[in-house]
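Letter by letter, the chains look like this.
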Amino acid sequence: MEMVAAAATKDAKRNGGAPEWRVTVPEGASVTVEHESCLAARAWAWLVSCVVALGAKVSGSGRRLWKIGADDPRRAVHGLKVGLALSLVSVFYYTRPLYEGVGGTAMWAIMTVVVVFEYTVGGCVYKGFNRAAATVSAGAIALGVHWVAVHAGDELEPFIRSGSVFLLANDRYLALSTYAASIATFSRFIPTVKARFDYGVTIFILTYSLVAVSGYRVEALLAMAQQRVCTIAIGIFICLSVCVLVCPVWAGQELHRLTARNMDKLAGAVEACVEDYFADQPADGKRPPSDKAEGYKCVLNSKASEDSQANLARWEPAHGRFGFRHPYAQYKSVGAAMRHCAYCVEALSGCARSEIQAPEHVKRRLADGCASVAARCALVLREASSSVAAMTTSWSLDLAVAEMNTAVQELQSDLRALPSRLAEEESPAAVLDAVQLFTVTSLLIEVSTRIESVVDAVDTLASLAGFRSSDVEDEAAETETKVKQPAESDPDSDEPEKKHIEQV
């Protein structure tokens, strides 16, 4: 112990006089056991945290899945429909008589259901038609090439088959109506072909390659092609039957509802942006945008959905008030007009969230006029939305447009008189402070002008689609009510009948 103390004193002198202590630990496991216990505790805490994080992720995923299904229960029904279609088509694979009847190619029917079944009826018809037409046409051409190759001799047969596959496989976007006449590379640049028949051309190349190449090794090529066409036809028939008969989802109706819903959101965005701009500023000067003020984003982001649904709706059969020649393309024009208006609303929303604002006492001079114009603009959009949703025309829409124009004219007159009033009552510098107010007012006037373009597009849609007049429907309802009243009265009395005849 003395030797340890002496060594500690020498080390202290060597380190400038600072005392040091050294403890000699005998051989044992006390420190080691404490260290191992710390590692075990850390490992257990890490394992518990991983389990808790995994549980949180699973519960969060479950809540998101539930929300997706609750927002639109048809999505869950679509999953059940796919399962039903696969169950029906699997009968041809698991039942031996049916399996032997299709020549052992029942798997093609299952593959057809997987790749053809879509959420909407239009998507299912589009893929089914393209797959059927491509399979039949490709099989016919492949059999023709096979006949030519067989009669050309054994030496030229492989070259004819591989050469035909090379020519057809390099034309990726060839239209179904033009590949029989000529094979040209420029057909891949045709937008209509790419939009409507791209899937069909892909299936055509696949089927042709399989039939043409396998014909070199398979002797019963005609039987193989016939069985494949039959199984694909079975798969397409099951897809269309389930998609149309079990809770059908029509792309045309989805496009129709999307257009009306976007108008309502745009109307709410116009009102909310103006309300946010003229509301009292918070203490920190920052105000988060309201949910209604963000409604214009749905309009701006809906172009791809509108184009897709309009393209699929053309393939759907007539259903309800949507005939074979329903003007689905006009919905895209209405959407384009709404997006043209939404861009201006986006600029208006940016002014409302700007850090630099006009003085409050200056804003109050045009607050009532801007609020009136915003309310009239929202009313016009909601009337147009109601007209589209109900597929009717009404004089109330024209009346709302007239009221909006009147409010805009009053706002323009107030805007012209404001600079001179500010210069007289306050100072010329106050005019510079009101520059942003002038910008907001000008944007609001521009919004009203673009809303008229939306109304014109809706009127065109109403004339092309044959919307019924709501006034005529109201008169028909009143006439039906008058006719029912005498029947409910006393049958022995003739006076109600005479009064009804006089009314008519």
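None of these values were measured; they are calculated from a predicted model.

About the criteria used
Within each chain, residue numbers correspond to sequence positions counted from 1 in written order. Confidence filtering applies because this is a predicted model: local features only for residues at pLDDT of at least 70, side-chain atom pairs given and counted only at 80 or more, and all residues used for totals across whole chains, interfaces and linings. Derived side-chain values reflect all non-hydrogen atoms in the structure, with water molecules and hydrogen atoms excluded from consideration. Put simply, DSSP marks the helices as runs of H or I at least four residues long and the strands as runs of E at least two long, and each gets a number from the N terminus on. The buried label applies to any residue whose accessible area, calculated with a 1.4 Å probe on protein chains only, is under 20% of its type's maximum; exposed applies above 50%, and partly exposed to all values in between. Two residues form a contact once any of their heavy atoms are found within 4.5 Å. Residue-level confidence of the predictor, termed pLDDT, takes values from 0 up to 100. Aromatic rings from Phe, Tyr and Trp, with only the six-membered ring used for Trp, were paired whenever their centres fell within 6.5 Å, and each pair was classed as stacked if the ring planes differed by under 30 degrees, edge-to-face if by over 60, and tilted otherwise. Two conditions define a charge sitting above a ring: the NZ of Lys or the CZ of Arg must be within 6 Å of the ring centre, and it must be within 35 degrees of the ring normal. Multiplying one less than the number of residues by 1.5 Å gives the expected span of a helix. The angle between two axes is taken between their N-to-C directions and runs from 0 to 180 degrees, where each axis is a line fitted to C-alpha atoms and a helix contributes only its stretch in contact. What sets the label is the angle itself: under 35 degrees gives roughly parallel, over 145 gives roughly antiparallel, 65 to 115 gives roughly perpendicular, and the rest give oblique. Each crossing is labelled by how the near helix is turned from the far one, with a counterclockwise turn of less than a right angle marking it left-handed and a clockwise turn marking it right-handed. By the convention adopted, Pro, Cys, Tyr, Trp, Phe, Met, Ile, Leu, Val and Ala count as nonpolar, Lys, Arg, Asp and Glu as charged, and the other residues, Gly among them, as polar.

Trainee: Is there a simple way to explain the overall build of the chain in this structure?
Mentor: The helix and strand inventory of the chain stands at 20 helices and 2 strands. Put simply, the chain has 504 residues, and 38% of those count as buried. Residue pairs in contact within the chain that sit at least 24 positions apart in sequence constitute 78% of those at least 6 positions apart.

Trainee: Looking at this structure, I do not really get the confidence of the model for the chain. What am I missing?
Mentor: Any region with low pLDDT has predicted coordinates that should not be read closely. Here the chain averages 78 in pLDDT, while 72% of its residues score no lower than 70. Considering only residues more than four positions removed or in separate chains, one finds that residues 489-504, a stretch of pLDDT under 50, has 4 contacts.

Trainee: Looking at this model, I keep getting lost on the packing of aromatic side chains. Mind explaining?
Mentor: Where two aromatic rings form a pair, the distance of their centres and the angle of their planes describe that pair. If you walk through the whole model with that rule in mind, you get 5 aromatic pairs. Relative to Trp315, the ring of Phe129 lies with its centre 5.4 Å away and its plane at 45°, an arrangement referred to as tilted. In this pair, Phe129 is assigned in helix α6 (residues 121-152) and Trp315 in the loop between α13 (303-313) and α14 (328-352), connecting sequence segments 186 residues apart. A connected cluster of aromatic rings, assembled from ring pairs, spans Tyr126, Phe129 and Trp315. Sitting over the ring of Tyr277, Lys363 keeps its end group 4.2 Å from the ring centre.

Trainee: Looking at this model, I keep getting lost on helix α11 (residues 251-278). Mind explaining?
Mentor: Side chains of residues three or four places apart in an α-helix project in the same direction, reflecting 3.6 residues per turn. Taking 1.5 Å as the rise per residue, α11 with 28 residues should run 40 Å; its terminal C-alpha atoms sit 41 Å apart, in good agreement. Across the 28 residues that make up α11, a large majority, 22, are buried.

Trainee: Looking at this structure, how should I read the packing of α14 against helix α18 (residues 435-465)?
Mentor: Two measures define how a pair of helices packs: the angle their axes make with one another and the distance between the axes. Between α14 and α18, the least distance of the axes is 9 Å, while the angle of their chain directions is 170°. Looking at the two axes, α14 sits roughly antiparallel to α18.

Trainee: I keep staring at the environment of Leu84 and nothing clicks. Help me out?
Mentor: Its place among the elements puts Leu84 in helix α3 (residues 74-94). With 162 residues separating them along the chain, Leu84 and Val246 place their C-alpha atoms 9.9 Å apart.

Trainee: Whenever I open this one, unusual backbone geometry confuses me. Can you help?
Mentor: Note: most residues except glycine have negative phi, and most peptide bonds are trans. For Cys247, which is not glycine, the phi torsion reads 45° and is therefore positive. Within the secondary structure layout, Cys247 lies in the loop between α10 (221-245) and α11. Of note, the phi angle at Met391 is positive, near 55°, even though the residue is not glycine. Looking at the secondary structure, you find Met391 in the loop between α15 (360-390) and β1 (392-393).

Trainee: I would appreciate a short explanation of the packing of α15 against helix α16 (residues 395-425) in the present structure.
Mentor: Close contact between α15 and α16 brings their axes to 9 Å; oriented N to C, the two are set at 165°. In terms of orientation, α15 and α16 fall into the roughly antiparallel class. Like other packed secondary-structure pairs, α15 and α16 cross with a definite hand, here left-handed. Looking at the contact of α15 with α16 residue by residue, the class counts come to 18 nonpolar, 3 polar and 6 charged.

Trainee: Help me understand the environment of Ala225, please; the structure alone is not making it clear to me.
Mentor: Here Ala225 shows up in helix α10. For Ala225, a relative accessible area of 9% gives the class buried. Residues Ala225 and Val136, 89 residues apart in the sequence, show an inter-C-alpha distance of 9.0 Å.

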